[in-house]
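# Fold and geometry: a report
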Amino acid sequence: MSWKEITNPETKAEALTKDFKFKDFITAWAFMNKVALLAEKMDHHPDWSNTYNKVSISLSTHSAGDKITAKDRKLAEQIDTLS
């Protein structure tokens, strides 16, 4: 499944979003740890949530007015290599 580009119709904020599903909570948490280390290294941090074996990630660049930038696309590509 690829990343979806969404736009909030009221605020015009953009984001790349993707949902990941794993076999269990521990596997989902391990994935989140890897993403956290990658995001910290890139100095670009996702909005995300976790419920048991599911991780939902949203990427946008707040300093660019909540728009999708090359930084978001690069992080999305890197996250895909982890899953």
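Keep in mind that what you see is a predicted model, and the values were worked out from it rather than measured. (Residues numbered from 1 in each chain as written. Predicted model: local features only at pLDDT ≥ 70, side-chain atom pairs only at ≥ 80, totals over all residues. Heavy atoms only, no water.)

### Thoughts on the overall build of the protein chain
Counting its regular elements, the protein chain contains two helices and four strands. Along the protein chain, helices (α) and strands (β) appear in the sequence β-β-α-β-β-α when read from the amino end. What you see for the protein chain is a C-alpha radius of gyration of 13 Å, in line with the 12 Å of a compact globule of 83 residues. Based on the C-alpha atoms only, the size of the protein chain along its principal axes is roughly 35 × 25 × 20 Å. Residues classed as buried in the protein chain amount to 33% of the 83 residues present. Taking all contacts inside the protein chain whose residues are at least 6 apart in sequence as the whole, residues at least 24 apart take part in 57%. Accessible surface, the protein chain: about 5,400 Å² in total, of which carbon and sulfur atoms supply 53%. Across the protein chain, the centroid of the 12 positively charged side chains sits 5 Å from that of the 12 negatively charged ones. (Helix = DSSP H or I, 4+ residues; strand = E, 2+ residues; numbered from the N terminus. Rg over C-alpha atoms; globule rule 2.2 N^0.38 Å. Buried < 20%, exposed > 50% of the residue type's maximum accessible area, 1.4 Å probe, protein only. Contact = heavy atoms within 4.5 Å. Areas by Shrake-Rupley, 256 points an atom, 1.4 Å probe, with all protein chains shown as cover. Lys, Arg positive; Asp, Glu negative; His and termini not counted. Charge placed at Lys NZ, Arg CZ, Asp CG, Glu CD.)

### Some thoughts on helix α1 (residues 25-42)
Helix length check: α1, at 18 residues, gives a terminal C-alpha distance of 25 Å against a target of 26 Å (1.5 Å per residue), a fit within 8%. In this structure Asp24 caps α1, since a side-chain oxygen of it lies 3.4 Å from the backbone nitrogen of Ile26. In the stretch just after α1, Asp43 is the one whose phi turns positive, near 55 degrees. (Expected span 1.5 Å × (residues − 1). Polar contact = N/O pair within 3.5 Å; in protein donor to acceptor, adjacent residues only side chain to side chain.)

### As for helix α2 (residues 70-82)
Over its 13 residues, α2 extends 19 Å from the first C-alpha to the last, a length consistent with the 18 Å expected when each residue adds 1.5 Å. Within the span of α2, buried status applies to Asp72, Leu75, Ala76 and Ile79. End-on view of α2: buried residues confined to an arc of 105 degrees, all on one side of the axis. In α2, those exposed residues whose orientation departs by more than 90 degrees from the buried face are Ala70, Glu77 and Thr81. As for α2, its buried residues are in contact with β2 (14-21), α1 and β4 (54-59). (Arc of directions from axis to C-beta.)

### A short note on the confidence of the model for the protein chain
Parts of the model with low pLDDT should not have their predicted coordinates read in detail. In this model, the protein chain carries an average pLDDT of 95, and 99% of its residues clear a pLDDT of 70 or more. When mean pLDDT is taken per element in the protein chain, β4 scores highest with 98 and α2 scores lowest with 96. (pLDDT = per-residue confidence, 0-100.)

### What about the sheet that holds strand β3 (residues 47-51)?
Sheet strands associate in pairs through backbone hydrogen bonding, adopting either a parallel or an antiparallel arrangement. Pairing in this open sheet of four strands is antiparallel, and the strands run β1-β2-β4-β3 from one edge to the other. At either margin of the open sheet sits one strand with a lone partner, and together these are β1 (4-7) and β3. Sheet twist, expressed as the average angle between the axes of neighbouring strands with direction ignored, equals 25 degrees. Inspection of the sheet shows β1 paired to β2 by four bridges, in the antiparallel sense. When the bridges of β2 are listed, Glu5 appears paired with Leu16. Running over the sheet, α1 touches β2, β3 and β4 and is turned about 165 degrees from β3. (Pairing = 2+ DSSP bridges. Axes fitted to C-alpha atoms, helices over the stretch in contact; angles between N-to-C directions.)

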